[in-house]
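Here's the letter readout for the chains.
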Amino acid sequence: MALLALRPLLVKQRQLSLTLLRCSGSSLPTLVRQYAAGRAEQEKSSSKSLSASTDRTDVSTDVRPLGERVKENTKTASYMGVIMLGVGVTGLLFYVIFWELFSSDSPNNIYSEALERVKEEPRVRDALGSPIKGFGEESRRGRRTHVAHTKYVKDGVEYIRMQFYIQGIRNKGTVHLEKRKTESGSFEYRYLFVQLDYNRQNPIILEDNRLQQDAAHHVTSGTTPQPLF
């Protein structure tokens with residue numbers, strides 16, 4: 001009798017459970033969709049925040065005072081100026097060295113050419129004795145390396161004058177020369193002679209072209225070329 005009395009109650013409870021189960025089954029996809037939509041919105045918002053932060057970083061990262069930045073820029077400009085000055089000085093030194101070594105009109109090459117010319121002169125070899133060597137002015141350390149020379153301009157024409165010394169096995173002498181720059185840009189001898197130490201009144205003259213070179217100037221100015229001695 002007790003089981004028969006409880007049967008209607010169990011049936012109602014079963015029907016209620018089925019109803020709740022059906023309701024829960026129909027709302028589960030909706031809950032899943034809502035969760036997915038919320039997750040996507042959250043990720044989108046996070047991406048926008050990251051992008052905004054990156055843009056702000058690209059705009060400016062230097063928060064130092066203006067005076068400090070100006071000071072640093074000035075220091076950088078000073079360093080660049082020193083570097084450019086160093087490059088300029090180095091280039092000038094290379095140019096001078098190149099000109100001294102390879103230019104035919106440099107004092108060093110004029111000296112070398114004149115020395116060879118003097119050493120090949122038979123009159124000089126007979127007077128001084130072979131072999132003959134040349135040298136410049138004697139320095140404080142006893143080195144004879146500096147060749148005395150002077151450059152000057154007269155009537156718009158460039159000249160170079162030089163003096164150095166030679167020595168053979170018997171005697172010594174002094175070489176005097178002067179060159180004049182021509183219209184073509186090369187230098188030609190005005191004079192070249194050797195003055196012997198033991199007989200300075202009778203030099204050995206290798207070149208004396210002053211009369212020919214000064215002929216035009218003599219006609220226009222009314223002056224006469226001075227003799228070599």
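Here's a quick rundown of the structure. Treat the numbers as computed from the prediction; the structure is a model and nothing was measured.

Conventions used here
Residues numbered from 1 in each chain as written. Predicted model: local features only at pLDDT ≥ 70, side-chain atom pairs only at ≥ 80, totals over all residues. Heavy atoms only, no water. Helix = DSSP H or I, 4+ residues; strand = E, 2+ residues; numbered from the N terminus. Buried < 20%, exposed > 50% of the residue type's maximum accessible area, 1.4 Å probe, protein only. Contact = heavy atoms within 4.5 Å. Areas by Shrake-Rupley, 256 points an atom, 1.4 Å probe, with all protein chains shown as cover. Core = buried A, V, L, I, M, F, W, Y, C linked by side-chain atoms within 4.5 Å. Expected span 1.5 Å × (residues − 1). Arc of directions from axis to C-beta. Pairing = 2+ DSSP bridges. Salt bridge = Lys/Arg side-chain N within 4 Å of Asp/Glu carboxyl O. Patch = residues over 30% accessible without salt bridge, like charges linked within 9 Å, V, L, I, M, F, W, Y side chains within 5 Å. Phe/Tyr/Trp six-rings, centres within 6.5 Å; stacked < 30°, edge-to-face > 60°. Lys NZ or Arg CZ within 6 Å of the ring centre and 35° of its normal.

Overview of the overall build of the protein
Turning to step 1, where the next piece is worked out: A tally of regular secondary structure across the protein gives six helices and eight strands.
Turning to step 2, where the next piece is worked out: Counting from the amino terminus, the protein carries its helices and strands in the arrangement α-α-α-α-β-β-β-β-β-β-β-β-α-α.
Turning to step 3, where the next piece is worked out: Burial statistics for the protein: of 229 residues in total, 22% are counted as buried.
Turning to step 4, where the next piece is worked out: When contacts within the protein are restricted to residue pairs at least 6 apart in sequence, long-range pairs at least 24 apart make up 41% of them.
Turning to step 5, where the next piece is worked out: For the protein, the exposed area adds up to about 17200 Å²; of that, 58% sits on carbon and sulfur atoms.

What to know about the environment of K119
Turning to step 1, where the next piece is worked out: Looking at the element boundaries, K119 is found in helix α3 (residues 107-119).
Turning to step 2, where the next piece is worked out: Residue classification places K119 among the partly exposed residues on the basis of a relative accessible area of 28%.
Turning to step 3, where the next piece is worked out: For the pair formed by K119 and P131, sequence separation is 12 residues and the distance between their alpha carbons is 8.2 Å.
Turning to step 4, where the next piece is worked out: Beyond its immediate chain neighbours, meaning those up to four positions away, K119 contacts R125 and I132.

What to know about the nonpolar core
Turning to step 1, where the next piece is worked out: Counting 23 residues, the largest nonpolar core has V124, M162, F164, I166, L177 and V194 as the members making the most contacts within it.
Turning to step 2, where the next piece is worked out: Of all the secondary-structure elements, those providing two or more residues to this core are α3, α4 (122-128), β5 (157-167), β6 (172-181), β7 (187-196) and β8 (204-208).

A few points about α3
Turning to step 1, where the next piece is worked out: Over its 13 residues, α3 extends 18 Å from the first C-alpha to the last, a length consistent with the 18 Å expected when each residue adds 1.5 Å.
Turning to step 2, where the next piece is worked out: By the burial criterion, the buried members of α3 are P107, I110, Y111, A114, L115 and V118. Down the axis of α3, the sector holding all buried residues measures 130°, keeping them to one side.

Side note on the pairing of strand β4 (residues 148-154)
Turning to step 1, where the next piece is worked out: Pairing analysis gives seven bridges linking β4 to β5, with the strands arranged antiparallel. Considered in β5, the bridge of T150 is made with R161.

A look at the pattern of salt bridges
Turning to step 1, where the next piece is worked out: Going through the model one piece at a time under the given rule, you end up with 10 salt bridges.
Turning to step 2, where the next piece is worked out: Across the pair E178 and R161 runs a salt bridge whose closest N-O atoms are separated by 2.6 Å. Of this pair, E178 sits in strand β6 while R161 sits in strand β5; the two residues are 17 residues apart in sequence, bridging distant segments of the chain.
Turning to step 3, where the next piece is worked out: Residue class for E178 comes out buried when judged on its relative accessible area of 2%.
Turning to step 4, where the next piece is worked out: Exposure remark for R161: the relative accessible area of 40% places this residue in the partly exposed category.
Turning to step 5, where the next piece is worked out: Salt bridges linked by common partners bring R161, E178 and R190 together as one network.

Considerations on a nonpolar patch on the surface
Turning to step 1, where the next piece is worked out: Taken together, M80, I83 and V87 make up a surface patch of nonpolar side chains, about 290 Å² in accessible area.
Turning to step 2, where the next piece is worked out: With respect to the helices, strands and loops of the structure, V87 is situated in helix α2 (residues 66-102).
Turning to step 3, where the next piece is worked out: Owing to a relative accessible area of 53%, V87 belongs among the exposed residues under this scheme.

Some words on the packing of aromatic side chains
Turning to step 1, where the next piece is worked out: Scanning the entire structure with this criterion turns up four aromatic pairs.
Turning to step 2, where the next piece is worked out: Judged by centre distance (6.0 Å) and plane angle (25°), the ring pair of F135 and Y165 falls under stacked. On the criterion of sequence distance, the pair formed by F135 in strand β1 (residues 133-135) and Y165 in strand β5 is long-range, its members being 30 residues apart.
Turning to step 3, where the next piece is worked out: By relative accessible area, which is 22% here, Y165 ends up partly exposed.
Turning to step 4, where the next piece is worked out: Taking the ring centre of Y189 as reference, the NZ or CZ of K179 above it sits at 4.5 Å.

Regarding the environment of A114
Turning to step 1, where the next piece is worked out: Mapping A114 onto the fold places it in helix α3.
Turning to step 2, where the next piece is worked out: The buried category is assigned to A114, whose relative accessible area is 0%.
Turning to step 3, where the next piece is worked out: Separated by 61 residues in sequence, A114 and V175 place their C-alpha atoms 8.7 Å apart.

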